[in-house]
Amino acid sequence: QNGLLRFILSFIALLFVCFLIVFLFFTSYQHQQAEIKKDVEKYKNAITKNQLLYLRVDSLYNKMNQTNRYRVRNEKALYEDILKDVNSMNLSIGVDSVGDFKQYAMLLKNIEKMADLKADINLEMNKLDNIKKELNRCTNADRRVQNNINVDPSRIYQGNRGRR
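Owing to the predicted nature of the structure, the values given are computational and were not obtained by experimental measurement.

Engineer: Even after reading the chapter, I still don't get the pattern of salt bridges, so can you show me in this structure?
Structural biologist: Any two side chains of opposite charge can pair, on the condition that their charged atoms come close. Within this structure, the stated rule accounts for six salt bridges. Close ionic contact of Lys127 with Glu124 constitutes a salt bridge, the shortest N to O distance being 3.6 Å. In this pair, Lys127 and Glu124 both sit in helix H3 (residues 102–150), three residues apart, roughly one turn of the helix. Three or more residues are tied together by salt bridges with common partners; here these are Lys63, Asp81, Lys84 and Asp85.

Engineer: Which parts of the structure should I look at to understand the side chain of Lys63?
Structural biologist: With respect to the element layout, Lys63 can be found in helix H1 (residues 2–68). Overall, Lys63 belongs to the buried group, its relative accessible area being 15%. Leaving out residues up to four positions away in the same chain, Lys63 has contacts with Leu78, Asp81, Ile82 and Asp85.

Engineer: Sorry, what's going on with the packing of aromatic side chains here?
Structural biologist: Between two aromatic rings, the relevant description is the distance of the centres plus the angle of the planes. Scanning all chains against the criterion turns up two aromatic pairs. When the ring of Phe25 is compared with that of Phe26, the centres are 5.7 Å apart and the planes differ by 70°; the resulting orientation is edge-to-face.

Engineer: Help me out: how do you make sense of a nonpolar patch on the surface in this one?
Structural biologist: A cluster of nonpolar side chains, namely Leu4, Phe7, Ile8, Phe11, Ile12, Leu15 and Phe19, defines an oily patch on the protein surface of about 730 Å² accessible area. Considering the arrangement of structural elements, one finds Phe19 in helix H1. For Phe19, a relative accessible area of 60% corresponds to the exposed category.

Engineer: Mind showing me how you'd approach helix H2 (residues 75–93) here?
Structural biologist: Since the α-helix advances by 3.6 residues per turn, residues separated by three or four positions end up pointing in the same direction. Taking 1.5 Å of rise per residue, the 19 residues of H2 would be expected to cover 27 Å, and the 27 Å separating its terminal C-alpha atoms lies within 8% of that figure. Looking at H2, one finds that the buried residues are Leu78, Ile82, Leu83, Asp85, Val86, Met89, Ser92 and Ile93. Phi turns positive, to about 80°, at Gly94, one or two residues after H2.

Engineer: Please explain the nonpolar core as it appears in this structure.
Structural biologist: Inside soluble globular proteins, nonpolar side chains tend to come together where they are buried. Residues Leu53, Leu60, Met64, Leu78, Ile82, Val86, Met89, Ile93, Phe101, Tyr104, Leu108 and Ile111 constitute the largest nonpolar core, which totals twelve residues. Counting residues per element, the ones that place at least two in this core are H1, H2 and H3. No other element matches H2, which puts five residues into this core. Not counting residues within four places of it along the chain, the set of residues in contact with Leu108 comprises Val86, Met89, Asn90 and Ile93.

Engineer: How do you make sense of the packing of H2 against H3 when you look at a structure like this?
Structural biologist: Axis angle and axis distance: for two packed helices, these are the angle between their axes and the distance between the axes, and together they describe the pair. Viewed as axis vectors pointing N to C, H2 and H3 meet at an angle of 175°, and their least axial separation amounts to 10 Å. Here H2 lies roughly antiparallel to H3, going by the angle between them. For the pair formed by H2 and H3, the contact residues are Glu75, Tyr79, Leu83, Val86, Met89, Asn90 and Ile93 on the first element and Tyr104, Ala105, Leu108, Ile111, Glu112, Ala115, Asp116, Asn122 and Asn126 on the second. Partitioned by chemical class, the residues of the contact of H2 with H3 number ten nonpolar, three polar and three charged.

What counts and what doesn't
Residues numbered from 1 in each chain as written. Predicted model: local features only at pLDDT ≥ 70, side-chain atom pairs only at ≥ 80, totals over all residues. Heavy atoms only, no water. Salt bridge = Lys/Arg side-chain N within 4 Å of Asp/Glu carboxyl O. Helix = DSSP H or I, 4+ residues; strand = E, 2+ residues; numbered from the N terminus. Buried < 20%, exposed > 50% of the residue type's maximum accessible area, 1.4 Å probe, protein only. Contact = heavy atoms within 4.5 Å. Phe/Tyr/Trp six-rings, centres within 6.5 Å; stacked < 30°, edge-to-face > 60°. Patch = residues over 30% accessible without salt bridge, like charges linked within 9 Å, V, L, I, M, F, W, Y side chains within 5 Å. Areas by Shrake-Rupley, 256 points an atom, 1.4 Å probe, with all protein chains shown as cover. Expected span 1.5 Å × (residues − 1). Core = buried A, V, L, I, M, F, W, Y, C linked by side-chain atoms within 4.5 Å. Axes fitted to C-alpha atoms, helices over the stretch in contact; angles between N-to-C directions. Parallel < 35°, antiparallel > 145°, perpendicular 65-115°, else oblique. Nonpolar A, V, L, I, M, F, W, Y, C, P; charged D, E, K, R; others polar.

Right, dumping it as structure tokens:
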């Protein structure tokens, strides 16, 4: 009778351990599924943000190229538009995902400095163009004066010699 009682208790303990293992297996499975779903959502959000940021960076690149042409109608409005795009991109990235988009964050951090530098370069290029125009004007005026000085009035009058 003592052996039968031990057997029954051992069997109950073994069943308990088996059910506990199955229960823990299923709870672990559910927990892993929930974590995988979270990771998939994060990944989908990251891909969506990446595509959005790619389009915005492409737009920003086109705007920066417009400043390369030195002849933008309203440079200040373009510069403000660039800064507005940078701010909206910073908001799109968000504080929580700066680590995921390091390349974009670094670009956006330095784009304002680049835009300021580009504006300074454009200002200097405009000054250089004005100086070139002034130099051409002065050079042309100098040529006209030189031509007027070099004309010898005695050579212009040919008198009777010119009719022969």
